[in-house]
Amino acid sequence: MRNRRFRILCLSAGGIALATPALAQTGTATEGGGGLDEIVVTAQRQAQDLQSAPISITALTGENLEARGINNIQDLALQAPGLAIKTDFGAANPNIYIRGVGIGDFNANVTGAVGVYIDEVYQGSPAGQLFQFFDTERVEVLRGPQGTLYGRNTTGGAINFISRRPTDEVSAYARALYGRFDEAQVELGVGGPIVPSVVKARISGTYRHRDGTIENTSTRNDGAPNKFNDVDTGAARLLIDVTPSDSVELKFNVHYGRSETTGLSFNHRGLLDPDDLAIGVVTPCSIDMLDTGVCVDSLGYRDVDTDPDTVQYNNPSRELVEVWGGNIKADIDIGEYALTSITAYEDVFRDTVFDGDESPNSLLDAVHNPDSRQFTQEIRLASPTDRRFYWLAGGYYYNEDLHFNGAFDLFREMRPAIAAAAADLALGLPLEAGFNPTGGPDLAAMLGNPVFAFPTFASVYTYDQKVESWALFGQAYYRLSDTLTLTGGLRYSEEDRTFDYMSSLQEPFITIPLVEVSDALGNNETSFEDLSWRGAVEWQATDDIFVYASASKGSKSGGFNGAFLLDPIQAEPFDDESLRAYEVGVKSDWLDNRLRLNATGFYYDYRALQVYSLESTGGLPQQVLRNAPKARVYGAELELLARPVEALVISAGLSLLDTEITDDFIGGNGANLRGNELAYAPSISTNGSATYTIDLPSSGAIILSGDYSYQSRTFTDTRNLANLRTGDGVIVGLRAAYRTPDGRTEIAAWGKNIADTRYITYVADLGDFGFNRIQHTNPATYGVSVRFNY
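Residues numbered from 1 in each chain as written. Predicted model: local features only at pLDDT ≥ 70, side-chain atom pairs only at ≥ 80, totals over all residues. Heavy atoms only, no water.

### Let's talk about the packing of aromatic side chains
In the structure shown here, the tally under the stated rule is 26 aromatic pairs. Ring centres 5.4 Å apart and planes at 50° place the aromatic pair W324 and Y345 in the tilted group. Separated by 21 residues along the polypeptide, W324 in strand β19 (residues 318-334) and Y345 in strand β20 (residues 337-355) bring together distant segments of the chain. Judged by relative accessible area, W324 falls into the partly exposed class, the value being 44%. In this structure, R99 packs its charged tip against the face of F602, placed 3.9 Å from the ring centre. Taking NZ or CZ as reference, R773 lies 4.1 Å from the ring centre of F266, over its face. (Phe/Tyr/Trp six-rings, centres within 6.5 Å; stacked < 30°, edge-to-face > 60°. Helix = DSSP H or I, 4+ residues; strand = E, 2+ residues; numbered from the N terminus. Buried < 20%, exposed > 50% of the residue type's maximum accessible area, 1.4 Å probe, protein only. Lys NZ or Arg CZ within 6 Å of the ring centre and 35° of its normal.)

### Digging into the sheet that holds strand β17 (residues 267-270)
Whether parallel or antiparallel, the strands of a sheet pair through hydrogen bonds between backbone atoms. What the three strands build is an open sheet, ordered β17-β37-β36; its pairing is antiparallel. Among the strands making up the open sheet, the edge pair consists of β17 and β36 (760-766). Ignoring which end each strand starts from, the neighbouring axes of this sheet average 30° apart. As judged from the four bridges shared by β17 and strand β37 (residues 771-776), these two strands associate in the antiparallel manner. (Pairing = 2+ DSSP bridges. Axes fitted to C-alpha atoms, helices over the stretch in contact; angles between N-to-C directions.)

### Quick look at unusual backbone geometry
Residue N753 is not a glycine yet carries a positive backbone phi of 50°. Along the chain, the position of N753 falls in the loop between β35 (745-752) and β36. Residues other than glycine seldom take positive phi values, yet D756 does so here, at roughly 55°. Turning to its location among the elements, D756 is positioned in the loop between β35 and β36.

### Description of the pairing of strand β32 (residues 684-696)
The pairing of strand β31 (residues 648-661) with β32 spans nine bridges and is classified as antiparallel. Paired with S655 across the strands is S685, a residue of β32. Bridge count between β32 and strand β33 (residues 700-711): twelve bridges; the pairing is antiparallel. Residue pairing for β33: G688 is matched across the bridge by Y708.

### Focus on the sheet that holds strand β13 (residues 214-216)
Strand order in the open sheet formed by three strands is β14-β13-β18, with mixed pairing between adjacent strands. Whereas interior strands pair on both sides, the edge strands pair on one side only; in this sheet they are β14 (227-228) and β18 (310-311).

### Examining the confidence of the model for the protein chain
The share of residues in the protein chain with pLDDT of 70 or more is 89%, and the mean pLDDT across the chain is 86. Per-residue pLDDT stays below 50 along residues 1-33; that stretch engages in 107 contacts with residues further than four places along the chain or on separate chains. (pLDDT = per-residue confidence, 0-100. Contact = heavy atoms within 4.5 Å.)

### Focus: the environment of R497
Mapped onto the elements of the fold, R497 is located in strand β24 (residues 484-507). Placed 76 residues apart in sequence, R497 and P573 show a C-alpha to C-alpha distance of 9.9 Å. Of note is the side chain of R497, whose polar atom sits 2.7 Å from the side chain of T111. Among the polar contacts made by the side chain of R497, one reaches the side chain of S557 at a distance of 3.3 Å. (Polar contact = N/O pair within 3.5 Å; in protein donor to acceptor, adjacent residues only side chain to side chain.)

### Some words on the side chain of E637
As for its placement among the helices and strands, E637 is situated in strand β30 (residues 620-645). Engagement of the side chain of E637 in a polar contact is seen with the side chain of R99, the distance being 2.8 Å. When residues no more than four places from it in sequence are discounted, the contact partners of E637 are S56, R99, R143, N598, A599, T600, F602, L654 and S655.

### What to know about a negative patch on the surface
A contiguous patch of negative charge on the surface is contributed by D464, E468, E494, D496, D500, E516, D519, E525 and E529. Counting residues per element, the ones that place at least two in the negative patch are β23 (458-479), β24 and β26 (525-542). The leading source of residues in the negative patch is β24, at three residues. Looking at the element boundaries, E516 is found in strand β25 (residues 510-517). For E516, a relative accessible area of 37% corresponds to the partly exposed category. (Patch = residues over 30% accessible without salt bridge, like charges linked within 9 Å, V, L, I, M, F, W, Y side chains within 5 Å. Areas by Shrake-Rupley, 256 points an atom, 1.4 Å probe, with all protein chains shown as cover. Salt bridge = Lys/Arg side-chain N within 4 Å of Asp/Glu carboxyl O. Lys, Arg positive; Asp, Glu negative; His and termini not counted. Charge placed at Lys NZ, Arg CZ, Asp CG, Glu CD.)

### A word on the pattern of salt bridges
If you walk through the whole model with that rule in mind, you get 41 salt bridges. Salt-bridge contacts for R175 lead to E187; the nearest nitrogen and oxygen are separated by 3.7 Å. Of this pair, R175 sits in strand β10 (residues 171-179) while E187 sits in strand β11 (residues 183-195), and the two are twelve residues apart along the sequence. Residues R175 and E187 agree in their burial class; the two are buried. Among the ionic contacts, a cluster of salt bridges with common partners joins R99, R143, E583, E637 and E639.

### Thoughts on a nonpolar patch on the surface
On the surface, V170, V190, I203, L238, V254 and Y790 cluster together into a nonpolar patch covering about 560 Å² of accessible area. Mapped onto the fold, V254 is located in strand β16 (residues 248-261).

The following block contains the structure:
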């Protein structure tokens, strides 16, 4: 293990020696100086140089995203150290982790540990994060608790998407792309003045189509598509800036997006020994046999070829997402003070039908239909920043109404046999020889499970959740000297949740209720309040060296389990979690601004962390949310950007992470999880890129670039079971472009994952069905693109 880690660290060090501008500190030449550009970020609600911001940030420009082919939120994780983004239930449902802090719950009512903001508006619904990778000015990834400057309080961090704003002069661009799997994308944007000095606007849009990358080879097909993992997505955005006077600026944003696909597909991995299963003995396969195509599920099915690009689905699978919204930002100068108001509304609808057993049998089929309507209001007042003491204070209101309809059809083909066997067992009758309906369930427990008592009924659940919260926050700064500044911030917040829920078994004209949460029963409300804080000291040691240390506390509200529930105990609310973070950092420029090196070390005290897992209840996998008492997280990050010669820019990033549950915590299987790692917390992740520009006299330029990323293996569940681990590997991308002398046209050839590196990125435990759901990296893609600028 130590030798393996040594090789990985050598790879990371090599990346620092010959890498690229793929991460936070992407830069270009300063005019005439040959050094690195200043990178301006707004992560702290004020425009400031990245090198003078006392927080760990990765910033990627729109040009960086385009050059690396990043067109979805999952790809973003390949370019930001410490960031992991996974998805379980459809492409539009990302689970985001920063430094190991996140939650794997895929239900529609989950609150993420990492806040996602689009043009300063918090996105409560995960599906609303799908349509942001076009006409982008910048993406910022903030690590650590956020609250004293942000609308919603978070424990893990925040991701900010900033759109390109209208310009004072007419500007436009058009971009087209074609690639493998008949991938085609068109992106357009145009903007400029409508009424000079008063009104300016920008309209942009994108459409992307790609055929499925995964072939369905099932001969038993009840409506399943022939291809999976396709893309058919479009989005548009209209921005209008109005300046009626020198002291008032109004910014309007209206946007729409739609995606209709077959959804993400997963591969089937059997867990049971086939020979033993044939004689009625349940024996798990050994770990080294799991990916050989030998092991079977509860019905004896196995994915023989183990090819990540083929599946055998029998039931329909589709995902429709529709998003629209708008917001108004008002910036008003009140004397020397700046007042900001942001009023926003978001509507997100999602319709997902899912074949969850990844086989030609009917073990697990699901429907998810959430409809989220969100209103937010934020007000901030900031003092002038050119004084010794300056500050920012604000208030935030958040209101979300979520309506959800869902259903699971479980063990459809097996339930009559299970019900009959359970009844025979209860009557003391012998079971048929070799009968083994699942991966070893307790048939007596199944007899008391209504899902099996009514074997033709579907498991249906519906709920309405209303979240209402408000907060007061502020942060103040005091300059002890020209080089030393103290920062202090506070946030007080309250949140109320109501949750009206009903699960039942249904057939036409018949409903058998299971679990109810309602006002009539008095069990549908929960409330939270929290005081978060931040303190920091920053020291500009020299013109080129900036040092900071900070301590902060953030929290994430609790709530209700939005899964299909069989037991009223599962409907009890879980508590809010909190995280205390301690961080030190150094940001430095060297060699006449040709080398930039930033380093961060941190320690987290993580309390009442919300833990999601799948656990067996009455022979069925149940989604469980509970609070673990305590965990600790510590690590370090290193980011480098260099321009050793005028034509070459290189960058690299390295993240080291160690996580552990530090108090007794009993999981659903009765095991004490103390000492286990957190889910999706890679001990090592690294990434880098290189760009080399060859100037052609009077003929333009050739730009050659490449990038790579690596994340070590991680557990996908806090139980740390050996079969619930991801793989690891290096993903490499290349790009070659020609740019005309006037800089207006660029033609490029590109490749992503050019070595076709395939490894497991996600594993879900469905042991009650005798299999795992697994997901792999995307296959190699390549193509050409052209861009015109005006």
